[in-house]
Amino acid sequence: MATIAPPDPASLPARHRLTVDDFHRMGEAGILGPDARAELIDGEVFDMSPIGRLHAALVARLAAAFHESLGRSHLVWTQNPLRLGPMSELQPDLALLVPRDDFYLDREPSPADVRLVVEVADTSLAHDLAVKAPLSLAAGIPEIWVIDATTRRTHRFEAGAASVQPGPTLILPDEPLRFSLFHASLAELLPPSAGTAT
């Protein structure tokens, strides 16, 4: 039986990857509409899932809990752009940044300014776990939480933890999430309502 050799990479059509600056120019030119929810990952534009009620409630409750427990020791950055490098810009649900008096008006936050990224995922869980969390770790972000909105299980990634275990730590809804002075479980923060899955 004959086998087909893989194509020579030089014979394939050229792919044009975008920089973050190109991505911003697309928004300014109206190519990406004002309500577009998109992220740039390694030079490619990815549409983001619409935000449902459970997702929104979890993000809002976590943001309030971070404000209550951390005060001004960290800036809670909610669904704002975060440039990871020249080819990637994400829009995490929450990030905890080193505080600045100008609230990053004079410059964008860089990975060095980030202490924690939190993604609340429903339909995007596999993408967040396989693509966005590793990309953020590789950029130098020390800790990422990916929360499965339906089960309220948290996948906790830590920089340098790969030598200890092969993947993220799984934190169940009734187990505490800890970051600096923040200490709470998702079951305490936002118990499931009658209309949501546990």
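Everything quoted here is computed from the prediction, not taken from an experiment.

What counts, and where the lines are drawn
- Sequence order sets the numbering: in each chain, residues are counted from 1 along the sequence as written.
- Given that this is a predicted model, residues contribute local features only at a pLDDT of at least 70 and side-chain atom pairs are listed and counted only at 80 or more, while totals for whole chains, interfaces and linings are drawn from all residues.
- For side-chain calculations, the full set of non-hydrogen atoms in the structure is used, while hydrogens and water are omitted.
- Two strands pair if DSSP finds at least two bridges between them.
- What counts as a helix is a DSSP run of H or I of at least four residues, what counts as a strand is a run of E of at least two, and both are numbered from the N terminus.
- Each axis is a line fitted through C-alpha atoms, and for a helix only the stretch in contact is used; angles between axes span 0 to 180 degrees, taken between their N-to-C directions.
- Between Lys or Arg on one side and Asp or Glu on the other, a salt bridge is scored when a side-chain nitrogen of the former is within 4 Å of a carboxyl oxygen of the latter.
- Residue count minus one, scaled by 1.5 Å, sets the expected span of a helix.
- Two axes are fitted around each residue, one to the seven residues ending there and one to the seven starting there, and the angle between them is reported as the bend at that residue.
- We call two residues contacting when some pair of their heavy atoms lies within 4.5 Å.
- Buried means the residue's accessible area, taken with a 1.4 Å probe over protein chains only, is under 20% of the maximum for its type, while exposed means over 50%, and partly exposed covers the values in between.
- Along the chain, pLDDT gives the predictor's confidence residue by residue, from 0 to 100.
- The definition of a polar contact used here is a pair of N or O atoms within 3.5 Å, where within protein one atom must be able to donate a hydrogen and the other to accept one, and adjacent residues in sequence count solely through side-chain atom pairs.

J.: Even after reading the chapter, I still don't get the sheet that holds strand E6 (residues 94–97), so can you show me in this structure?
T.: Whether parallel or antiparallel, the strands of a sheet pair through hydrogen bonds between backbone atoms. A sheet is described by the order of its strands in space; here six strands give the open sequence E3-E6-E7-E8-E9-E10, paired in mixed fashion. Because the sheet does not close on itself, it has two edges, and the strands there are strand E3 (75–78) and strand E10 (169–171). Strand-to-strand twist across the sheet, computed as the mean angle between neighbouring axes with direction ignored, equals 20°. Judged from the three bridges that link them, strand E9 (residues 154–158) and E10 form a sheet pairing that is antiparallel. Pairing of threonine 154 across the sheet is with isoleucine 171, part of E10.

J.: Sorry, what's going on with the pattern of salt bridges here?
T.: Two side chains bearing opposite charge may form a pair once their charged atoms approach each other closely. Considering all chains together, one arrives at 11 salt bridges under this definition. Across the pair lysine 132 and glutamate 39 runs a salt bridge, and its minimum N-O distance is 2.9 Å. Taken together, the positions of lysine 132 in helix H3 (residues 125–138) and glutamate 39 in strand E1 (residues 38–41) put the pair 93 residues apart, joining distant regions of the chain. In this structure, glutamate 108 and arginine 83 form a salt bridge, with 2.9 Å as the shortest nitrogen-oxygen distance. Here the residue glutamate 108 occupies a position in the loop between E6 and strand E7 (114–121), and arginine 83 occupies one in strand E4 (residues 82–85), the gap between them amounting to 25 residues.

J.: Teacher, can you tell me more about H3 here?
T.: Along an α-helix, a turn takes 3.6 residues, which lines up residues three or four apart on a common side. Taking 1.5 Å per residue as the helical rise, H3 with its 14 residues ought to reach 20 Å, and the 19 Å between its terminal C-alpha atoms agrees with that figure. Lysine 132 marks where H3 bends most, by close to 30°; the proline proline 134 follows one to four residues later. Structurally, H3 contributes buried residues whose contacts are with E1, E4, strand E5 (88–90), E7, strand E8 (143–148) and E9. Glycine 140, located one to two residues past H3, shows a positive phi value of around 110°.

J.: Just to check I follow, could you spell out the environment of leucine 181 for this structure?
T.: By secondary structure assignment, the location of leucine 181 is in the loop between strand E11 (177–179) and strand E12 (182–184). On the basis of relative accessibility, which here comes to 65%, the residue leucine 181 falls in the exposed class. Spatially, the C-alpha atoms of leucine 181 and glycine 71 are 9.4 Å apart, while their sequence positions differ by 110 residues.

J.: Can you walk me through the confidence of the model for the chain in this structure?
T.: Should the pLDDT be low somewhere, the predicted coordinates at that spot are not to be read in detail. In this model, the chain carries a mean pLDDT of 88, and residues with pLDDT of at least 70 account for 90%. The element-level mean pLDDT for the chain is lowest in helix H1 (residues 20–28), coming to 85, with E6 highest at 98.

J.: Looking at this model, I keep getting lost on the pairing of E6. Mind explaining?
T.: Regular strands place side chains that alternate from one sheet face to the opposite one. Burial along E6 is two-sided: Leu94 and Leu96 and Ala95 and Leu97, pointing in opposite directions, are all buried. Relative to E6, E3 runs antiparallel, the two sharing four bridges. Each bridged residue has a counterpart across the sheet, and for valine 76 the counterpart in E6 is leucine 96. Both E6 and E7 contribute to a ladder of four bridges, which runs antiparallel. The residue bridging leucine 97 from the neighbouring strand is valine 114, located in E7.

J.: Sorry, what's going on with the environment of aspartate 22 here?
T.: Here aspartate 22 shows up in helix H1. A polar contact of 3.0 Å, which involves the side chain of aspartate 22, links it to the backbone nitrogen of threonine 19.

J.: What is the right way to look at the side chain of histidine 74 in this model?
T.: Relative to the assigned elements, histidine 74 resides in the loop between helix H2 (53–70) and E3. Reaching out from histidine 74, the side chain makes a polar contact with the side chain of serine 73 at a distance of 3.0 Å. Residues in contact with histidine 74, not counting those within four places in the same chain, are Leu96, Leu97, Pro99, Arg115, Phe179 and Ser180.

J.: Sorry if this is basic, but what is going on with unusual backbone geometry here?
T.: For residues other than glycine, phi is negative in most cases, and the peptide bonds are mostly trans. The backbone of tyrosine 104 sits at a positive phi, close to 65°, despite the residue not being glycine. Examined against the element boundaries, tyrosine 104 turns out to sit in the loop between E6 and E7. Even without glycine at this site, arginine 152 takes up a positive phi of about 60°. Within the secondary structure, arginine 152 is located in the loop between E8 and E9. Judged by relative accessible area, arginine 152 falls into the buried class, the value being 3%.

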